[in-house]
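A look at the structure
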Amino acid sequence: MAEKVAILDAGAQYGKVIDRKVRELAVESVLLPMHTPAETLREYAAIIISGGPQSVYGADAPRFDPSLFELGIPVLGICYGMQLMNRVHGGEVRKTALREDGQSSVRLRSSPLFDGLDLDQKVLLTHGDSVVRVAKGFVVSAMSENGIVAAIENQAENLYGVQFHPEVDLTVQGKEMLHNFLYRIAGLSGSYTMASRESSAIDYIRKTVGAHKILMLVSGGVDSSVCAALAAKAIGPENIYALHVDSGCMRLDESAGVSRALAKLGLR
């Protein structure tokens, strides 16, 4: 099984933030639609379900494959993801009179997800629905200062849920929680580094291009410049025709700067 995490997007405003935080922890991640079939998810080492604006009991709730919880793969549900996990396993989620929005305090209990962390935590909560009855087999692992369930888990099934957002900076030790999920619970090694990513990209270019030459358009922006640099390393600058089009709408002397930058890579 590849050391790769699937992030199922339930319409989260922080979906790409989760993706970035996982990669910062040296683990490869892929952002996938919520309805991705469980059979496709089988190849991943862990699954994270994002937050989202819908209610799990709403008619417009994102479609999903409930079998994803039966794969034996560690799952972390964030906000909406936790509520979905709880409801699928027979628990109850309900819109309550008290809505929690903004940075708040939660009290942690003993859990592999919170190993080594302070029991009192500042976190970001953004929800109107709450878990009012915990599913069978799950236990509460954190409570908010308002007495609302802030985290649940089923260690036997490797299922963990948090009502708050560990991916944002307003959750002070959120990155440590993600680290615990990826390394302590999912058992990943953290082999996804910038060096390994560069090496795999160069290998991919070589296999794709083969003995051919490349004609590529280069705007001078990050994406095309990085692609040009990787291609030059992969097949040699002499095999690349780099074309920059001065549209007449460039910044003053920008095209000349692009040419100078590419020349440093050996590209004409």
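The structure under discussion appears in the preceding block.
Read on for an overview of the structure. (Residues numbered from 1 in each chain as written. Predicted model: local features only at pLDDT ≥ 70, side-chain atom pairs only at ≥ 80, totals over all residues. Heavy atoms only, no water.)

The number of helices and strands found in the protein is seven helices and 11 strands. Taken over the C-alpha atoms alone, the protein extends approximately 65 × 40 × 40 Å along its principal axes. By residue count, 47% of the 268 residues in the protein fall in the buried class. As presented, the protein carries roughly 13,600 Å² of accessible surface, and 52% of it is formed by carbon and sulfur atoms. Charge separation in the protein, taken as the distance between the mean sites of 27 positive and 30 negative side-chain charges, equals 3 Å. (Helix = DSSP H or I, 4+ residues; strand = E, 2+ residues; numbered from the N terminus. Buried < 20%, exposed > 50% of the residue type's maximum accessible area, 1.4 Å probe, protein only. Areas by Shrake-Rupley, 256 points an atom, 1.4 Å probe, with all protein chains shown as cover. Lys, Arg positive; Asp, Glu negative; His and termini not counted. Charge placed at Lys NZ, Arg CZ, Asp CG, Glu CD.)

So, about the pattern of salt bridges. All chains considered together, the criterion is met by 13 salt bridges. Between Glu 24 and Lys 175 there is a salt bridge, with its nearest N and O atoms 3.0 Å apart. Residue Glu 24 is found in helix 1 (residues 15-24), and its partner Lys 175 is found in helix 4 (residues 174-185); the two are separated by 151 residues along the sequence. The class of Glu 24 is partly exposed, set by a relative accessible area of 38%. As a salt-bridge pair, Glu 39 and Arg 42 come within 3.3 Å of each other at their nearest N and O atoms. Owing to a relative accessible area of 56%, Glu 39 belongs among the exposed residues under this scheme. Exposure remark for Arg 42: the relative accessible area of 41% places this residue in the partly exposed category. Because the salt bridges share partners, they merge into one network encompassing Lys 16, Asp 19 and Arg 23. (Salt bridge = Lys/Arg side-chain N within 4 Å of Asp/Glu carboxyl O.)

Quick look at the side chain of Ser 130 now. Position of Ser 130 relative to the elements: it lies in strand 6 (residues 120-133). The class of Ser 130 is buried, set by a relative accessible area of 2%. A polar atom in the side chain of Ser 130 sits 3.5 Å from the side chain of His 127. In contact with Ser 130, other than residues within four places in its own chain, are Gln 83, Glu 92, Val 93, Arg 94, Thr 96 and Ile 148. (Polar contact = N/O pair within 3.5 Å; in protein donor to acceptor, adjacent residues only side chain to side chain. Contact = heavy atoms within 4.5 Å.)

Of all the positions in helix 7 (residues 254-263), only Ser 255, Val 258 and Leu 262 are classed as buried. Taken end-on, helix 7 shows its buried residues confined to a sector of 55°, consistent with a single buried face. Buried residues in helix 7 make contact with helix 6 (222-235). (Arc of directions from axis to C-beta.)

As a rule of thumb, nonpolar side chains are buried together in soluble globular proteins. Among the nonpolar cores identified, the biggest contains 32 residues, and Val 5, Ile 48, Leu 76, Phe 114 and Phe 164 are the most heavily contacted of them. Tallying contributions element by element places helix 4 first for this core, with five residues. (Core = buried A, V, L, I, M, F, W, Y, C linked by side-chain atoms within 4.5 Å.)

Between helix 5 (residues 194-209) and helix 6, the least distance of the axes is 9 Å, while the angle of their chain directions is 65°. Relative to helix 6, the element helix 5 lies roughly perpendicular. Two packed elements cross with a definite hand, and for helix 5 against helix 6 that hand is right-handed. Contacts from Glu 198, Ala 201, Ile 202, Ile 205, Arg 206 and Val 209 of helix 5 reach helix 6 at Leu 230, Ala 231, Lys 233, Ala 234 and Ile 235. The residue makeup of the contact of helix 5 with helix 6, split by class, is eight nonpolar, no polar and three charged. (Axes fitted to C-alpha atoms, helices over the stretch in contact; angles between N-to-C directions. Parallel < 35°, antiparallel > 145°, perpendicular 65-115°, else oblique. Left-handed = near helix turned anticlockwise from the far one by under 90°. Nonpolar A, V, L, I, M, F, W, Y, C, P; charged D, E, K, R; others polar.)

Attention now moves to the pairing of strand 4 (residues 75-78). Of the two faces of strand 4, the one carrying Val 75 and Gly 77 and the one carrying Leu 76 and Ile 78 are both buried. Sheet topology note: the strand 3 (residues 46-49)/strand 4 ladder contains three bridges and is parallel. Bridged to Ile 47 within strand 4 is Val 75. Strand direction decides the pairing type here: strand 4 and strand 9 (residues 159-162), joined by four bridges, are parallel. Looking at strand 9, one finds that Leu 76 is bridged to Tyr 160. (Pairing = 2+ DSSP bridges.)

A few words now on unusual backbone geometry. At Ala 26, a position not held by glycine, the phi torsion is positive, near 65°. Here Ala 26 is to be found in the loop between helix 1 and strand 2 (28-33). With relative accessibility at 16%, the residue Ala 26 sits in the buried group. Positive phi, normally seen in glycine, also occurs at Asp 253, with a value near 65°. Examined against the element boundaries, Asp 253 turns out to sit in the loop between strand 11 (240-243) and helix 7.

On to the sheet that holds strand 6, then. Spatial strand order, 2-1-3-4-9-8-7-5-6: nine strands in an open sheet with mixed pairing. Every other strand in the sheet has two partners, leaving strand 2 and strand 6 as the edge strands with one partner each. Averaged over all neighbouring strand pairs, the angle between strand axes comes to 20°, with direction disregarded. Relative to strand 7 (residues 139-144), strand 5 (residues 92-108) is paired through three bridges, and the arrangement is antiparallel. By the bridge assignment, Arg 107 is partnered in strand 7 with Met 143. Taken strand by strand, helix 1 contacts strand 1 (4-9), strand 2, strand 3 and strand 4, and its axis lies near 160° from that of strand 2.

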